[in-house]
Amino acid sequence: MNENNKIFGIIVIYNQSVEDSVTYKCLKSYGNIRLIVCDNSTKNFDNEKKVAKDGYVYISMNGNAGLSKAYNKGLDAIQKENPEMQGYVVLLDDDTHIPEEYFTVLRQEIEKNSGDIYLPIVQDEVGILSPSIMKKYYCHRAPEDVWSIKQEELCGINSGMAINLQIFRKYRYNEEIFLDYVDHNFLRDMRKYKKKVVILNVKIRQTFSSNTDSKEKALIRFKIFKKDINVFYKKGFWNRFFYYYVITRRKMQLSRQFRDITIMFR
């Protein structure tokens, strides 16, 4: 692969050792990408020493600064090393098993010059998490036949998303959004720029924490979710309508899950 198709990776670590990260262990064993580790941990796991020993780039976020800020710091590090922003960046969570086949399929698609953004098929405990569908206002899971999703409705999550670095010569993630909808906001912006999204014919597995959270953790996550989608849906009547719709629906889900009607009034 030539220099224009070089692959970088950004992993965001949160409160664990890189040695315990499924994603980090996968990539370390493959050794075929330039890795940047952005550490959002609030405790010291000696990750800086471990990452440096492995020959990768380590960035401390000095606490949990959120996903968008971590991605932007990682992109800044790539641009410092690679001013022309040649190649591609893969965004990765710390809890996703990435099969080596993923990189084989990704490189094949890049060689075809088939798209600007690449989405693998991500499965969680419920089913297919990504790609997903985002119509004008609302995001939801896709049917099993992801290949039937229209280009103008195609969306997905950050984990495993590969992006042409040329996009980031002038673009950065919206740092008003801390965690949720960072990916949806990015892909909504990319629609405006007419960027092509391609689905990769490869599956990866993710343990999605919100499916297994305790009540206390779920309510903390809900508080973050509420703030983030308030930014995502901040402009216009229909955006505000869908903000209240999504929030109400999430409250109802949590109320049923934990059998606590008081959640509806949070």
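Residues numbered from 1 in each chain as written. Predicted model: local features only at pLDDT ≥ 70, side-chain atom pairs only at ≥ 80, totals over all residues. Heavy atoms only, no water.

Taken as a whole and judged by the stated rule, the model has eleven salt bridges. We note a salt bridge from Glu-19 to Lys-50, for which the minimum N-O separation is 3.8 Å. With Glu-19 in the loop between strand S1 (7–13) and helix H1 (22–30) and Lys-50 in helix H2 (residues 47–53), the pair connects residues that are 31 residues apart, well separated along the chain. The closest approach of N and O atoms between Arg-141 and Asp-124, which form a salt bridge, is 2.8 Å. In this pair, Arg-141 is assigned in strand S9 (residues 139–141) and Asp-124 in the loop between strand S6 (117–123) and strand S7 (128–130), connecting sequence segments 17 residues apart. (Salt bridge = Lys/Arg side-chain N within 4 Å of Asp/Glu carboxyl O. Helix = DSSP H or I, 4+ residues; strand = E, 2+ residues; numbered from the N terminus.)

Within the structure shown, the criterion is met by 23 aromatic pairs. On the basis of an interplanar angle of 90 degrees and a centroid distance of 5.9 Å, the ring pair of Tyr-24 and Tyr-56 is categorised as edge-to-face. Of this pair, Tyr-24 sits in helix H1 while Tyr-56 sits in the loop between H2 and strand S3 (57–60), and the two are 32 residues apart along the sequence. Side by side, Tyr-24 and Tyr-56 carry an identical accessibility label, which is buried. Both rings, one in Tyr-181 and one in Phe-225, keep their centres 6.0 Å apart while their planes meet at 75 degrees; by these two values the pair is edge-to-face. In this pair, Tyr-181 sits in the loop between strand S11 (162–164) and helix H5 (182–192) while Phe-225 sits in helix H6 (residues 215–232), placing the two residues 44 residues apart along the sequence. Phe-225 shares its class with Tyr-181; the two are buried. An aromatic cluster of three or more residues is present, and its members are Tyr-137, Tyr-138, Phe-237, Trp-238, Phe-241, Phe-242 and Tyr-245. (Phe/Tyr/Trp six-rings, centres within 6.5 Å; stacked < 30°, edge-to-face > 60°. Buried < 20%, exposed > 50% of the residue type's maximum accessible area, 1.4 Å probe, protein only.)

What follows covers empty space enclosed by the protein. Inspection of every chain in the model, using the stated rule, returns one cavity of 30 Å³ or more. In this model, the largest cavity occupies a volume close to 30 Å³. Along its surface, the largest cavity is lined by Ser-68, Tyr-171, Tyr-173, Asn-174, Ile-177, Tyr-181, Val-182, Asn-185 and Phe-186. Among the elements that make up the lining of the largest cavity, the one with the highest residue count is H5 (three residues). Considered class by class, the residues forming the lining of the largest cavity number six nonpolar, three polar and no charged. (1 Å grid on protein atoms, 1.4 Å probe; cavity = no way out; pocket = protein on both sides within 12 Å on 5 of 7 lines; lining within 4 Å. Points joined across faces, edges and corners; volume = space filled by probe spheres on them. Nonpolar A, V, L, I, M, F, W, Y, C, P; charged D, E, K, R; others polar.)

So, on to unusual backbone geometry. Here the amide bond leading from Ser-130 into Pro-131 is cis, since omega sits at 5 degrees, within 30 degrees of zero. Take Pro-131: it is sitting in the loop between S7 and strand S8 (132–134). Phi is positive for Asn-15, which is not a glycine, with a value near 50 degrees. Position of Asn-15 relative to the elements: it lies in the loop between S1 and H1. At Asn-62, a position not held by glycine, the phi torsion is positive, near 55 degrees. Mapped onto the elements, Asn-62 comes out in the loop between S3 and helix H3 (67–81). A relative accessible area of 72% places Asn-62 in the exposed class.

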